[in-house]
Amino acid sequence: MAVNYSIVMGGYPGEGNLNADPLFVDAANGDYRLSAESPAISAADPSSPLDEYGTPADMGAIPYDRPGDPADRPAPASSVLEAYPNPFN
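Residues numbered from 1 in each chain as written. Predicted model: local features only at pLDDT ≥ 70, side-chain atom pairs only at ≥ 80, totals over all residues. Heavy atoms only, no water.

Enquirer: Help me understand the overall build of the chain, please; the structure alone is not making it clear to me.
Expert: Counting its regular elements, the chain contains zero helices and two strands. A sequence separation of at least 24 residues applies to 21% of the contacts in the chain between residues at least 6 apart. In the structure as shown, the chain presents an accessible area of about 6,700 Å², 56% of it carried by carbon and sulfur atoms. (Helix = DSSP H or I, 4+ residues; strand = E, 2+ residues; numbered from the N terminus. Contact = heavy atoms within 4.5 Å. Areas by Shrake-Rupley, 256 points an atom, 1.4 Å probe, with all protein chains shown as cover.)

Enquirer: In this structure, what is going on with the pattern of salt bridges? I would like to understand it.
Expert: When the charged atoms of two side chains with opposite charge come close together, those side chains can pair. Evaluated as defined, the whole model comprises three salt bridges. Salt-bridge contacts for D51 lead to R66; the nearest nitrogen and oxygen are separated by 3.5 Å. Taken together, the positions of D51 in the segment after β2 (31-34) and R66 in the segment after β2 put the pair 15 residues apart, joining distant regions of the chain. Across this residue pair, the class does not change: D51 and R66 are buried. Judged by its relative accessible area of 16%, R66 is buried. (Salt bridge = Lys/Arg side-chain N within 4 Å of Asp/Glu carboxyl O. Buried < 20%, exposed > 50% of the residue type's maximum accessible area, 1.4 Å probe, protein only.)

Enquirer: Hey, could you run me through the pairing of β2 in this one?
Expert: Look at any regular strand and the pattern is simple: side chains alternate between the two faces of the sheet. Where strand β1 (residues 24-26) lies against β2, two bridges are found, and the strand directions are antiparallel. Residue pairing in the sheet places D26 in a bridge with D31 of β2. The antiparallel pairing of β1 with β2 creates a hairpin that spans four residues between the two strands, and G30 there sits at a positive phi of about 85°. (Pairing = 2+ DSSP bridges.)

Enquirer: How should I be thinking about unusual backbone geometry in this particular structure?
Expert: Note: most residues except glycine have negative phi, and most peptide bonds are trans. A positive phi angle, near 55°, is found at L23, a position not held by glycine. Within the secondary structure, L23 is located in the segment before β1. Taking the relative accessible area as the measure of exposure, L23 reaches 31% and is therefore partly exposed. A positive phi is found at S42, a non-glycine position, where the angle reads about 60°. Look at S42 and you get partly exposed, because its relative accessible area is 30%.

Here it is, written out as structure tokens:
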């Protein structure tokens, strides 16, 4: 199994892996959002699509929510989901 573009405390072989504390907001209480100082911000696989802010994607399941007026953010790219057989008919 290959592990790439991940934060693994103690290090792990693989492309783009970081040996660092991800600096979650409050992991002890289950808040796994990235803090502003996190090394995981904009550190995901460079071939990943840009995030909603037009910057490189963040590592992790919950991206860093950059401060600012949501109206100033670029519109997210649209996507189409298909389900077959169509459960909505």
